[in-house]
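What follows is each chain in one-letter form.
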Amino acid sequence: MSGKLKEVDPEVAEILQAEVRREIGEIELIASENFSSLAVLEAQGSVLTNKYAEGYPYRRYYEGCRYIDQVEQLAIDRAQALFGAEHVNVQPHSGSQADLEVYTAILKPGDTALGMSLAHGGHLTHGSPVNFSGQTYNFIPYGVDRRTERLDLDQLRELALRHRPKLIVVGASAYPRIIDFPAIRSIADEAGCYVLADIAHIAGLVVAGVHPSPIPYCEFVTTTTHKTLRGPRGGMILCRKEFARTIDKAVFPGMQGGPLMHIIAAKAVCFHEALSPEFKAYQQQIVTNAKALAEALSGYGFRLVSGGTDNHLMLVDLTLKEITGKVAAQSLAECGIIANKNEIPFDKQSPMITSGIRLGTPAATTRGMKEPEMKLIAELISQALHNIDHTAVYNEIKQEVKKLSAGFPLYPELLSN
Ligand SMILES: *Cc1c(COP(=O)(O)O)cnc(C)c1O
């Protein structure tokens, strides 16, 4: 850091410094968050933010793109190697944007599609009525089985054969189990439709082979780059060669103007990091940690949706504890343990209140935490949620959080005195 920000705009500099200290001092359990590397941050904060580069590598509408072309091509080549995809578009500004771009490429307004219900763990962009997807297309929601709380493939098949959608969207933001892509492919083949796998949450697990890859089974795959993938905040589309032109046209000029070249450079750095053996070990540890956290929480009497986890996250059902997700998330935050309230399947509370919290391990694992720390975090969560508003207990938990975070340094280079 050059120190310029502090000189030019001390107000913003101070807010950024406070956020650095917050990230260092708290325990981050939001399943969609992570800590990207200094290398990623450096690329994001680079002069590439200055450059207009509408178009694609070596086919631009602006001059002066010779280095821009190199960096975008590098990002594309690395993403292809990482995922084994036939075609990659690294320009989507976000995960939501990537989904929208696939929809506009292959659907017309009013076309029918199937998407996982938001209330069962799907994402807003998979057809929620409050989102462009639900307002533009005829999205039919599918969900999980009431008993197993796992994806109800019988229901999905029945809906696909009844409604004959053009597209099945599969993927989730709050689903703790493996997604069976081959089974969904065979349903889509029976119904005669495309499959889009939105792996925003699990992309890191997929590249490490810790979650099966959707690539062989789906025409389209979208992802974010900032969740388990640990890169800059952004999106990406992978598709089969035959759809390359259609997808590229939907992104630019269809939906976007100039690409965020500083973010694309940071995506290239992220993919470079993800191609390393350490990244694979990191993803394995995320899942090991999630299992350890889930097991320890079960031991304290918390019911987990579907009974546990196969991936990086878990949903804790607080119904029997007689606290809402909202109160639980706020109480944990008071102690410095950061999570989010989340609907559980068939929730009786509203989405603003909810009966659950969602916990994920990607960020804590980036700090180097392992099974013993997961056990300690579970103990702290249990203490906090069994002693709501108990000041003495909360003060003790805060001290423990401070000790724990201090033992796992993060971003020492970003601290100014
Ligand atoms: C996070 C997420 C997105 C959206 O990503 P943004 O970058 O926040 O727009 C899309 N789909 C799924 C499944 C997600 O979890």
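Rules used throughout
- Residues numbered from 1 in each chain as written.
- Predicted model: local features only at pLDDT ≥ 70, side-chain atom pairs only at ≥ 80, totals over all residues.
- Heavy atoms only, no water.
- 1 Å grid on protein atoms, 1.4 Å probe; cavity = no way out; pocket = protein on both sides within 12 Å on 5 of 7 lines; lining within 4 Å.
- Points joined across faces, edges and corners; volume = space filled by probe spheres on them.
- Nonpolar A, V, L, I, M, F, W, Y, C, P; charged D, E, K, R; others polar.
- Domains from an automatic or database assignment.
- Helix = DSSP H or I, 4+ residues; strand = E, 2+ residues; numbered from the N terminus.
- Expected span 1.5 Å × (residues − 1).
- Buried < 20%, exposed > 50% of the residue type's maximum accessible area, 1.4 Å probe, protein only.
- Arc of directions from axis to C-beta.
- Contact = heavy atoms within 4.5 Å.
- Buried area = accessible area lost by both parts, 1.4 Å probe.
- Salt bridge = Lys/Arg side-chain N within 4 Å of Asp/Glu carboxyl O.
- Polar contact = N/O pair within 3.5 Å; in protein donor to acceptor, adjacent residues only side chain to side chain.
- Core = buried A, V, L, I, M, F, W, Y, C linked by side-chain atoms within 4.5 Å.
- Pairing = 2+ DSSP bridges.
- Axes fitted to C-alpha atoms, helices over the stretch in contact; angles between N-to-C directions.
- Near = heavy atom within 4 Å.
- Areas by Shrake-Rupley, 256 points an atom, 1.4 Å probe, with all protein chains shown as cover.
- Sits in = over half its atoms within 2 Å of the grid points.

Asker: I'd like to hear about the layout of surface pockets, residue by residue, with values.
Answerer: Here the second largest pocket defines a volume of roughly 610 Å³. Taken together, 30 residues line the second largest pocket, and the ones lying closest to its centre are Leu 118, Gly 122, His 123, Ser 173 and Arg 358. Across the lining of the second largest pocket, the residue classes tally to seven nonpolar, 15 polar and eight charged. The two domains that each donate at least three residues to the lining of the second largest pocket are domain 1 (42–274) and domain 2 (277–409).

Asker: Kindly report on helix H16 (residues 391–406), identifying the contributing residues and their values.
Answerer: End to end, H16 covers 23 Å across 16 residues, agreeing with the expected 22 Å (1.5 Å per residue, within 8%). For H16, the full list of buried residues reads Val 393, Tyr 394, Ile 397, Val 401, Leu 404 and Ser 405. The arc enclosing the buried residues of H16, seen along the axis, measures out at 100°, which places them on a common side. Opposite the packed face of H16, turned more than 90 degrees from it, sit the exposed residues Thr 391, Glu 396, Lys 402, Lys 403 and Ala 406. As for H16, its buried residues are in contact with helix H2 (10–25), strand S1 (27–28), helix H13 (325–334), strand S13 (337–338) and helix H15 (371–386).

Asker: Kindly report on the domain arrangement of the protein chain, identifying the contributing residues and their values.
Answerer: Examined at the domain level, the protein chain breaks down into domain 1 (42–274) and domain 2 (277–409). If you look at the interface, domain 1 gives 27 residues, while domain 2 gives 28 residues. Of the roughly 2,300 Å² buried at the junction of domain 1 and domain 2 (both faces included), carbon and sulfur atoms supply 58%. The interface formed by domain 1 and domain 2 contains two salt bridges. Across the salt bridge formed by Asp 310 and Arg 177, the nearest N and O atoms sit 2.9 Å from each other. Our enumeration of links across domain 1 and domain 2 arrives at 14 residue pairs in polar contact (both at pLDDT 80 or more). For the side of domain 1 that touches domain 2, the secondary-structure elements that each account for two or more residues are helix H9 (203–207) and helix H11 (261–274).

Asker: Which residues make up the nonpolar core, and what values go with them?
Answerer: Counting 60 residues, the largest nonpolar core has Phe 83, Ile 168, Ile 199 and Phe 271 as the members making the most contacts within it. With eight residues, H11 is the largest single contributor of residues to this core. Mapping this core onto the domain boundaries places at least three of its residues in each of domain 1 (42–274) and domain 2 (277–409). Beyond its immediate chain neighbours, meaning those up to four positions away, Phe 271 contacts Ala 75, Arg 78, Ala 79, Leu 82, Val 90, Thr 225, Leu 229 and Met 236. Counting 37 residues, the second-largest nonpolar core is a separate cluster that includes Leu 29, Ile 337, Ile 397 and Phe 408.

Asker: Give a description of the sheet that holds strand S9 (residues 220–224) that names residues and reports values.
Answerer: Here seven strands make up an open sheet; going across it, the order is S4-S10-S9-S8-S7-S5-S6 and the pairing mixed. Pairing within the sheet leaves two strands with one partner each, and these edge strands are strand S4 (87–89) and strand S6 (138–142). Taking the axes of each pair of neighbouring strands and ignoring which way they run, one obtains an average angle of 20° across the sheet. Taken together, the four bridges between strand S7 (residues 167–170) and strand S8 (residues 194–198) define a ladder with parallel strand orientation. Residue Ile 168 lies in a different strand from S8, and its bridge partner there is Val 195. Together, strand S5 (112–116), S6 and S7 form the strand contacts of helix H7 (residues 153–163), whose direction differs from that of S6 by roughly 155°.

Asker: An account of the site of the ligand is requested, with residue identities and associated values reported.
Answerer: Looking at the ligand, there are 13 residues lining it, with Gly 95, Ser 96, Ser 173, Asp 198 and Lys 227 nearest. Relative to its unbound accessible surface of 380 Å², the ligand loses 86% to contact with the protein. Applying the majority rule of atoms within 2 Å of the grid points places the ligand in the second largest pocket. In terms of residues, the shell around the ligand owes the most to one element, helix H5 (residues 95–106), which gives three residues. Tallied by class, the residues present in the shell around the ligand amount to two nonpolar, eight polar and three charged.

Asker: Outline the pattern of salt bridges, supporting the account with residue identities and numerical values.
Answerer: Scanning all chains against the criterion turns up 14 salt bridges. Notably, a salt bridge pairs Glu 149 with Arg 303, separated by 2.8 Å at the nearest N-O pair. Placement of Glu 149 in the loop between S6 and H7 and of Arg 303 in strand S11 (residues 303–304) is noted, with a sequence separation of 154 residues between them. Its relative accessible area of 8% is what places Glu 149 among the buried residues. Arg 185 is the salt-bridge partner of Asp 189, the closest N and O atoms lying 3.2 Å from each other. In this pair, Asp 189 and Arg 185 both sit in helix H8 (residues 181–191), four residues apart, roughly one turn of the helix. Of the residues examined, Asp 189 reaches a relative accessible area of 52% and is grouped as exposed. Under the relative-accessibility criterion, Arg 185 is labelled buried at 11%. Overlapping salt bridges, with partners in common, bring together Glu 19, Arg 22 and Glu 26 in one network.

Asker: How would you summarise the sheet that holds strand S14 (residues 340–342) if you had to cite specific residues and measurements?
Answerer: As summarised here, the arrangement of the four strands in space is S11-S12-S15-S14, forming an open sheet in which the pairing is antiparallel. Two strands lie at the open edges of the sheet, namely S11 and S14, each paired on one side alone. Of the pairings in the sheet, the one linking strand S12 (residues 313–317) to strand S15 (residues 356–360) comprises five bridges and is antiparallel in character. Counted as the bridge partner of Leu 315 is Arg 358 from S15. Sheet strands in contact with H13 are S14 and S15, and its direction is about 45° off that of S15.

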